[in-house]
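# Working through the structure, step by step
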Amino acid sequence: SDSDELFFQSILPSLRVLSSGCFERQDLMMVPELAEMASHAMALIVSRNETDDNSSVQKPAISINQSRLEVIVEKLSRAESDLQSSQPPLRAKGVVSLRHIARSLTPTDSKLPKGEEKKLLITDVNNLSVREETALISRTLARICLNALADPESYVYLASIQTLVAISDVCPSE
């Protein structure tokens, strides 16, 4: 309804301040979590009822027979198409989708076993270990988020910062 929409629009400035993580009182607990929730809420509010003209048909649900990597690649392609939108709410939604992908990754151990210190010049992507797969995905997510930092809309680039934090939590050595 119109009153709900007015309410949501009225809280956007407060959410923008909360998502920045800058507070006068530094003794507040859970500042990063609060900033992430505010960033997520902003993206959800502004993307309500938004559709991209090119994506009027919803893609089918993910198949059960797909591998973990195939599922993530499909989600990545949807997020990247949202990020290419001319509508800022859809770009914010794309960044939030990237954060969900990052949070779904398994944290990796930063220490490599002996003999694995060397980086190969060519990697066979069909036979990746879980660690290599996670590293590849986290690098891809980070590259996309770094590009999203240039977005002029604050809720897009703030969501991108929160996504980069999520990526570094999962894969700090990458």
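Heads up: the structure comes first, above all this text.
Calculation rules
- Here, residues in each chain are numbered from 1, in the same order as that chain's written sequence.
- For this predicted model, a pLDDT threshold of at least 70 governs which residues receive local features, and a threshold of 80 or more governs which side-chain atom pairs are given and counted, while totals over whole chains, interfaces and linings are taken from all residues.
- Computation of side-chain values covers all heavy atoms of the structure but excludes hydrogens and water.
- A carboxyl oxygen of Asp or Glu within 4 Å of a side-chain nitrogen of Lys or Arg is what we treat as a salt bridge.
- A helix here means a DSSP run of H or I that spans at least four residues, while a strand means a run of E at least two residues long, and both kinds are numbered starting from the N terminus.
- Three labels apply to residues, based on accessible area from a 1.4 Å probe with only protein chains included: buried if under 20% of the type maximum, exposed if over 50%, partly exposed otherwise in between.
- Residues qualify for a patch when their relative accessible area is over 30% and they have no salt bridge, like charges being joined within 9 Å and the nonpolar side chains of Val, Leu, Ile, Met, Phe, Trp and Tyr within 5 Å.
- Only the protein chains shown count as cover for residues, and the accessible areas themselves come from Shrake-Rupley with a 1.4 Å probe.
- Put simply, buried Ala, Val, Leu, Ile, Met, Phe, Trp, Tyr and Cys residues joined by side-chain atoms within 4.5 Å make one nonpolar core.
- It only takes one pair of heavy atoms within 4.5 Å for two residues to be counted as in contact.
- Ring pairs are drawn from Phe, Tyr and Trp, using the six-membered ring of Trp, whenever the two centres fall within 6.5 Å, and their geometry is named by plane angle: stacked under 30 degrees, edge-to-face over 60, tilted for the rest.

Right, let's get into the pattern of salt bridges. Summed over the entire model, instances satisfying the criterion amount to 5 salt bridges. We note a salt bridge from Asp-82 to Lys-93, for which the minimum N-O separation is 3.8 Å. Of this pair, Asp-82 sits in helix α3 (residues 68-83) while Lys-93 sits in helix α4 (residues 88-104); the two residues are 11 residues apart in sequence, bridging distant segments of the chain. On the basis of relative accessibility, which here comes to 12%, the residue Asp-82 falls in the buried class. Given the relative accessible area of 40%, Lys-93 is considered partly exposed. A salt bridge links Arg-103 to Asp-169; its shortest N-O distance comes to 3.8 Å. On the criterion of sequence distance, the pair formed by Arg-103 in helix α4 and Asp-169 in helix α6 (residues 154-170) is long-range, its members being 66 residues apart. Owing to a relative accessible area of 49%, Asp-169 belongs among the partly exposed residues under this scheme.

This brings us to a nonpolar patch on the surface. A cluster of nonpolar side chains, namely Leu-146, Leu-149, Ile-161 and Val-165, defines an oily patch on the protein surface of about 310 Å² accessible area. Residue position: Leu-146 is located in helix α5 (residues 130-148).

With that settled, consider the nonpolar core. Leu-76, Leu-98, Ile-101 and Leu-141 are the most contacted members of the largest nonpolar core, which totals 30 residues. Among the elements of the structure, α1 (2-20), α2 (31-46), α3, α4, α5 and α6 are those that each provide at least two residues to this core. Aside from chain neighbours lying at most four places away, what touches Leu-76 is Leu-98, Ile-101, Thr-140, Leu-141 and Ile-144.

Right, let's talk about the packing of aromatic side chains for a bit. Counted according to the given criterion, the structure contains 1 aromatic pair. Seen in terms of ring centroids, Phe-7 and Phe-8 are 5.7 Å apart; in terms of plane orientation they differ by 55 degrees. Their pairing is tilted. Residue classification places Phe-8 among the partly exposed positions, given a relative accessible area of 23%.

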